[in-house]
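Architecture and fold: a report
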Amino acid sequence: MDPRIELLKADITTLKVNAIVNAANQGLLGGGGVDGAIHRAAGPGLLEECRKMGGCATGDCKATKGYLLPARWVFHAVGPVWEGGGRGEDGLLASCYRKALDLAGQMSLQTIAFPAISCGVYHFPIPRACAIAWKEIQKGLSRNPQLEKVILACFEDEVYEAYRRLARP
Ligand code: AR6
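Residues numbered from 1 in each chain as written. Predicted model: local features only at pLDDT ≥ 70, side-chain atom pairs only at ≥ 80, totals over all residues. Heavy atoms only, no water.

**Thoughts on the site of the ligand**
For clarity, the threshold we go by: Being near a molecule or strand, for a residue, means having at least one of its heavy atoms within 4 Å of it. Any pair of N or O atoms that falls within 3.5 Å is considered a polar contact. Within protein, one atom must be able to donate a hydrogen and the other to accept it, and sequence-neighbouring residues count only if both atoms are side-chain atoms. Computed with the Shrake-Rupley method and a 1.4 Å probe, the accessible areas treat only the protein chains shown as cover for residues. Comment: elements are numbered from the N terminus, with helices defined as DSSP H or I runs of at least four residues and strands as E runs of at least two. Residues are grouped as follows: Ala, Val, Leu, Ile, Met, Phe, Trp, Tyr, Cys and Pro are nonpolar; Asp, Glu, Lys and Arg are charged; every other residue, Gly included, is polar.
Looking at the ligand, there are 22 residues lining it, with Gly32, Asp35, Ser118, Gly120 and Glu156 nearest. Gly120 is positioned with one of its backbone polar atoms (N or O) 2.8 Å from an oxygen atom of the ligand. Between the ligand and Tyr122, the relevant distance is 3.0 Å, taken from an oxygen atom to a main-chain nitrogen or oxygen of the residue. Calculation on the ligand without its partners gives an accessible area of 710 Å², and the protein chains cover 91% of this total. Broken down by secondary-structure element, the contributors of at least two residues to the shell around the ligand are β2 (19-24) and α1 (33-42). Among the residues forming the shell around the ligand, the class breakdown is 12 nonpolar, 7 polar and 3 charged.

**As for the environment of Tyr160**
In plain terms, the rule: A simple rule labels every residue: compare its accessible area, found with a 1.4 Å probe on the protein chains alone, to the largest value its type can have, and call it buried under 20%, exposed over 50%, or partly exposed in between. Throughout, a contact is declared for two residues whenever any of their heavy atoms are within 4.5 Å.
Along the chain, Tyr160 falls in helix α5 (residues 157-167). Judged by its relative accessible area of 16%, Tyr160 is buried. Linking Tyr160 and Phe75, residues 85 residues apart in sequence, is a C-alpha distance of 22 Å. Sequence-distant contacts of Tyr160, that is, excluding residues within four places in its chain, are made with Leu7, Lys9 and Cys154.

**Considerations on the packing of helix α4 (residues 126-143) against α5**
Stated precisely, the cut-off is as follows: The angle between two axes is taken between their N-to-C directions and runs from 0 to 180 degrees, where each axis is a line fitted to C-alpha atoms and a helix contributes only its stretch in contact. Any angle that falls under 35 degrees is termed roughly parallel, while one over 145 is termed roughly antiparallel, one within 65 to 115 roughly perpendicular, and all others oblique. Crossings are sorted by hand: turned counterclockwise from the far helix by less than a right angle, the near helix makes the crossing left-handed, and turned clockwise it makes it right-handed.
For the pair α4 and α5, interaxial distance at closest approach is 9 Å and the crossing angle is 50°. In terms of orientation, α4 and α5 fall into the oblique class. Like other packed secondary-structure pairs, α4 and α5 cross with a definite hand, here right-handed. Seen from α4, the contacting residues are Ile126, Pro127, Cys130, Ala131, Ala133 and Trp134; seen from α5, they are Glu158, Val159, Ala162, Tyr163, Leu166 and Ala167. Among the residues forming the contact of α4 with α5, the class breakdown is 11 nonpolar, no polar and 1 charged.

Next up, the structure:
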């Protein structure tokens, strides 16, 4: 496993990294799950900035400041809703990770943390989502050598175990 990848059982809102990724929706106006937790921890400034963003397409990612979070930036990525796998879900999920990592590269960031995008309310099968994330992170790390750490914040044991299996040599 690339030593720059770290698996953590953690609430992503507590992490002191340059950017945390949010599993947002197209409206970017908050919601439940990790999105709700990020908005609560960041305070009202985040929603105010989000209102000016004009939403975000599925598979894309947009940056805001982190406000009261320990993280300086929030990258709002919109994962696909799982609809059985025949609607381009794999590619759209891969795109979220790719765009977030490349945005970190463009912004010269060193550390970024991801939740398991689409693995909650959007019902993407967890082992499949983790395999896609894993592959995109390896590729993103080789494209962006300034990245020093990518944290996979696992809120659920199932996500942590899926990554552990992928990390095994
Ligand atoms: N830290 C890290 N991971 C978390 C946290 C947390 N504080 N809270 C939940 N998770 P979800 P989605 C995990 O539902 O499936 C929202 O309403 C959670 O256990 O947050 O992409 C948005 O507004 C799961 O593994 O996101 C959208 O409408 C993962 O984060 C919609 O849900 C993602 O679960 C997006 O759905």
